[in-house]
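Coordinate analysis (summary)
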Amino acid sequence: MKHLILGTAGHIDHGKTSLVRALTGIDTDRLPEEKARGITIELGFAHLELPGDIRFGIVDVPGHERFIRTMVAGVGGMDLVMLVIAADEGVMPQTREHLEICRLLGVQRGVVVLTKSDLVDPDWLGLVVEEVRDYLAGSFLEDAAIVPVSSRSGAGLDDLRAELARLGGGIEPKRSDGPYRLPVDRVFTVAGFGTVVTGTLLSGRIGVGDEVEILPGGLRSRVRGIQSHGKKCDAGLAGERLAVNLQGVEHDRLRRGDVIAPAGLFRTTRVVDVRLDYLESAGRELKSRSLLRFHSSTAEVQAEVVLLESASIIPGGSCYARFRLAEPLLLLPGDPFVLRRSSPAATVGGGRVLDPFPPLRRRKGGESLRLLEAIEGEDDALRIAAMVEGALLSGIAQPELLRRTGFSATRLEKGLTTLLSSGRIVQMTREPRIFLAGNGVAELQAILLAAVEQFLEENPLKEGMGKEELKGRLPRRSDQRFFAPLLSALERDGRLLPERDIVRLPQRKPGGTKGAGDPQGRLEALLVAGGCEPPTLKELGERSAWGRSCCWSISTGWPGRGGRPRSRATSSMRRQR
Ligand SMILES: Nc1nc2c(ncn2[C@@H]2O[C@H](COP(=O)(O)OP(=O)(O)OP(=O)(O)O)[C@@H](O)[C@H]2O)c(=O)[nH]1
Ligand SMILES: [Mg+2]
């Protein structure tokens, strides 16, 4: 059976809840206050089975402008939407706002339902159809069917069912193979069972007995029972509306916006880089550092926006941006979000998460933007390469790549293999596997080589540089664990000769021969050049640039006056003498 989520959207009192009741027989307005006021306040849930083995979980949203936040929470996970427009009123403000929210949250299909068709005559209905068609031009519902119905008489409901079955048949169900994520939309207690949460399973499969983590708090629990549309089951699949009974957690420890996920798998974030679309209807420009409400799935937090391409953006514009969230959220690449302004209250934009764990220090010269461009692109290997290269000399571990790309392990592996075989990235460590960009490896090798050369220049008596000392020359922003593989590679290429606890340069012979580069030879040359007036120790020190103390050691084979311990080089020179 195919599980899909069907949602309502539309202005207050346009007949959304009545339509769901007419289709399913379920009254989703359950609260006494909803009954008393005749409006929807909370999300309502129902289900509908249609030919083609399709089961729709239905989410009914409130139309009142004060409950837009609730509406946004209901849209996450919708596969298709019924945009409800009352035939006697036509397009109204929340018709527009709900349609924008659906678009921003990635809903791609739907049907327009003209409710209350019994209240207007056919001519009027024709005019409304025309008005609605004009309004939808350019939107994702441009070619959607417009179906007039009356929830009161039942007219048009069969046409609507047929259209829903047709649309549902063409939709790919959500993937059940990745890890599961269940954004919580309701929490309550059931006598004898304890805490129950409900939500639409966005991905994966959750089973009875699973150890879960409740994010962002990190509370652990176990799944005691699962129900789908009122029926007990052993597991829930992506795309299903589920009620999950959690063991040993008080219901006041949970709230809408929390996410139930496999224990220990995901990490929450407070800083995300995104593609931001700023709505034409927002009215005024958006300045960097503005505060907005950031909605994703069922969660909503205060957030500061940092525009990455300019100081402000005009209505209708689109750009890369960074959000600093007041509270941590579980966000994966590709997750859609909606932005709302609090005064005057309005939906002003939205977009998609590109990088949930971006480098915190912004790079100069447009590098942050290039990274985001690559992430936004289609090529998996290029996306991974951009992240590894963006990590500069510190490299990036495989679990971090999984979190930042949102790829499955197999998909990530495929991209890594391509990059490893071309040499664009290099695996530096095994547990965890840390990857470094090829040019990062070259840079670190050059740093090590230069360090050895400089050391031997300054310590001509030494045969080589201590490995531990050399390891300490790795830049602090890099990783000490890279030392061994870097050294091995340099040895393989014949550029350094590691020997026990030291590292030598291949062109430099241990103990030295009396050539021009050899300390004793150079001192001898200076003394011979002086003829009958050989230089003093002080002059030797100056002319050789090695200093007095060093020249003393070289010429005598004894430690310098500083009392340095005798090096292997000096003792071997003494033996030669
Ligand atoms: N005549 C007629 N009345 C309808 C029809 N559908 C809904 N109504 C009436 O319109 C009013 C509002 O209906 P609801 O279904 O509560 O509207 P809603 O869109 O769910 O409202 P909110 O959830 O508050 O946004 C109720 O009094 C319904 O009886 C219809 O097809 N024909
Ligand atoms: Mg309603």
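A brief report on the enclosed structure follows. Only a predicted model underlies this, so the values are computations on that prediction, with no experimental measurement involved.

1. A word on the overall build of the protein chain
- Within the protein chain, the regular secondary structure consists of 17 helices and 30 strands.
- Expressed as lengths along the three principal axes of its C-alpha atoms, the size of the protein chain is roughly 125 × 50 × 40 Å.
- At a minimum sequence separation of 6, the contacts of the protein chain that also span at least 24 residues come to 65%.
- Surface exposure of the protein chain reaches about 26,800 Å², of which carbon and sulfur atoms provide 50%.

2. A closer look at unusual backbone geometry
- The linkage connecting Ser343 with the following residue, Pro344, adopts the cis geometry, with an omega of -5 degrees.
- By secondary structure assignment, the location of Pro344 is in the loop between β23 (336-341) and β24 (346-355).
- Cis peptide bonds are those with omega within 30 degrees of zero, and the linkage from Glu431 to Pro432 qualifies with 0 degrees.
- Secondary-structure assignment places Pro432 in the loop between β26 (425-429) and β27 (434-437).
- One non-glycine residue, His229, adopts positive backbone phi at about 50 degrees.
- Looking at the element boundaries, His229 is found in the loop between β12 (219-228) and β13 (231-233).

3. What to know about the site of ligand 1
- Close contacts around ligand 1 come from 18 residues, with Lys16, Thr17, Ser18, Thr40 and Asp118 the closest.
- Residue Ser18 places a side-chain N or O atom 2.6 Å away from an oxygen atom belonging to ligand 1.
- If ligand 1 stood free it would expose 650 Å²; the protein chains cover 84% of that surface.
- For the shell around ligand 1, a count of residues per class yields 3 nonpolar, 10 polar and 5 charged.

4. Remarks on the sheet that holds β26
- Read across the open sheet, the 3 strands follow the order β25-β27-β26; overall the sheet is antiparallel. The open sheet is flanked by β25 (396-397) and β26, the only strands paired with a single partner.
- Of the strand pairs in this sheet, β25 and β27 are connected by 2 bridges, and their pairing is antiparallel. The residue of β27 that forms the bridge with Ala397 is Ile434.

5. Regarding the packing of aromatic side chains
- By the definition in use, this model includes 3 aromatic pairs.
- For the ring pair Phe323 and Phe337, a centre distance of 5.7 Å and an interplane angle of 70 degrees mean the geometry is edge-to-face. Of this pair, Phe323 sits in strand β22 (residues 318-329) while Phe337 sits in strand β23, and the two are 14 residues apart along the sequence. An identical accessibility class is assigned to Phe323 and Phe337; each is buried.
- Taken together, the ring pairs in this structure connect Phe294, Phe323 and Phe337 into an aromatic cluster.

6. Overview of the coordination of the magnesium ion (ligand 2)
- The magnesium ion (ligand 2) binds to the protein through Thr17 (OG1) and Thr40 (OG1), with metal-donor distances spanning 1.9 Å. Taken together, the positions of Thr17 in helix α1 (residues 16-24) and Thr40 in the loop between α2 (32-37) and β2 (44-50) put the pair 23 residues apart, joining distant regions of the chain.

7. Considering the nonpolar core
- In terms of nonpolar packing, the biggest core is built from 34 residues, with Val75, Leu83, Ile101, Val112 and Val132 touching the most fellow members.
- Within the residue set of this core, elements represented by two or more residues are β1 (2-9), α3 (68-75), β4 (80-86), α4 (93-104), β5 (109-115) and α5 (122-136).
- Ile313, Leu325, Phe337 and Val348 belong to the second largest nonpolar core, which has 25 residues in total.

8. Digging into the sheet that holds β2
- Spatial strand order, β2-β3-β1-β4-β5-β6: 6 strands in an open sheet with mixed pairing. Of all the strands in the sheet, the pair left with one neighbour each is β2 and β6 (146-148). Strand after strand, the sheet turns through a mean of 25 degrees between neighbouring axes, direction not considered.
- As paired elements, β1 and strand β3 (residues 54-60) share 6 bridges and run parallel to each other. Directly across from His3, in β3, lies its bridge partner Arg55.
- Along the sheet, α5 contacts β4, β5 and β6; its crossing angle with β5, the most-contacted strand, is approximately 150 degrees.
- Here helix α6 (residues 157-169) sits on the sheet and contacts β1, β2, β3, β4, β5 and β6; the angle it forms with β5, its principal contact strand, is near 170 degrees.

9. Focus: the pattern of salt bridges
- Scanning all chains against the criterion turns up 30 salt bridges.
- The salt bridge partner of Asp380 is Arg411, with a shortest N-O separation of 2.7 Å. Of this pair, Asp380 sits in helix α8 (residues 380-390) while Arg411 is found in helix α10 (residues 409-422), placing the two residues 31 residues apart along the sequence.
- The exposure class of Asp380 is partly exposed, given its relative accessible area of 22%.
- Salt bridges here are not isolated pairs; linked through shared partners, they connect Arg21, Asp27 and Lys35.

10. Focus: the side chain of Arg55
- Note that Arg55 resides in strand β3.
- In this structure the side chain of Arg55 is engaged in a polar contact, spanning 2.6 Å, whose partner is the side chain of Glu49.
- With sequence-adjacent residues up to four places away left out, Arg55 is seen in contact with Met1, Lys2, His3, Leu4, His47, Leu48, Glu49, Ser228, His229 and Lys231.

11. Considerations on the environment of Arg324
- Position of Arg324 relative to the elements: it lies in strand β22.
- On a C-alpha basis, the gap between Arg324 and Leu104 in space is 20 Å, while along the polypeptide they are 220 residues apart.
- In contact with Arg324, not counting residues within four places along its chain, are Arg270, Arg289, Gln302, Ala303, Glu304 and Val306.

12. What to know about a negative patch on the surface
- Residues Asp13, Asp88, Glu89 and Asp118 make up a contiguous surface patch of negative charge.
- Take Asp13: it is sitting in the loop between β1 and α1.

13. Thoughts on the packing of α1 against α6
- It is at 11 Å that the axes of α1 and α6 come closest, and there the two elements cross at 85 degrees. With respect to their mutual orientation, α1 and α6 come out roughly perpendicular. Within the contact between the two elements, α1 uses Leu19, Ala22 and Leu23 and α6 uses Leu157, Leu160, Arg161 and Leu164.

14. Observations regarding α6
- Over its 13 residues, α6 runs 18 Å from end to end, which matches the ideal 18 Å to within 8%, given 1.5 Å per residue.
- Residues of α6 that are buried: Leu157, Leu160, Glu163, Leu164, Ala165, Leu167 and Gly168.

15. What to know about the pairing of strand β8 (residues 186-190)
- Across 5 bridges, the pairing between β8 and strand β9 (residues 194-200) is antiparallel. Bridge pairing links Phe188 to Val196 in β9.
- Counting the residues between successive antiparallel strands, the hairpin from β8 to β9 contains 3 residues, one of them, Gly192, with a positive phi of roughly 90 degrees.

Analysis parameters
Residues numbered from 1 in each chain as written. Chains lettered and ligands numbered in written order. Predicted model: local features only at pLDDT ≥ 70, side-chain atom pairs only at ≥ 80, totals over all residues. Heavy atoms only, no water. Helix = DSSP H or I, 4+ residues; strand = E, 2+ residues; numbered from the N terminus. Contact = heavy atoms within 4.5 Å. Areas by Shrake-Rupley, 256 points an atom, 1.4 Å probe, with all protein chains shown as cover. Near = heavy atom within 4 Å. Polar contact = N/O pair within 3.5 Å; in protein donor to acceptor, adjacent residues only side chain to side chain. Nonpolar A, V, L, I, M, F, W, Y, C, P; charged D, E, K, R; others polar. Pairing = 2+ DSSP bridges. Phe/Tyr/Trp six-rings, centres within 6.5 Å; stacked < 30°, edge-to-face > 60°. Buried < 20%, exposed > 50% of the residue type's maximum accessible area, 1.4 Å probe, protein only. Donors = N, O, S within 2.8 Å, 3.2 Å for Na, K, Ca; no water. Core = buried A, V, L, I, M, F, W, Y, C linked by side-chain atoms within 4.5 Å. Axes fitted to C-alpha atoms, helices over the stretch in contact; angles between N-to-C directions. Salt bridge = Lys/Arg side-chain N within 4 Å of Asp/Glu carboxyl O. Patch = residues over 30% accessible without salt bridge, like charges linked within 9 Å, V, L, I, M, F, W, Y side chains within 5 Å. Lys, Arg positive; Asp, Glu negative; His and termini not counted. Charge placed at Lys NZ, Arg CZ, Asp CG, Glu CD. Parallel < 35°, antiparallel > 145°, perpendicular 65-115°, else oblique. Expected span 1.5 Å × (residues − 1).

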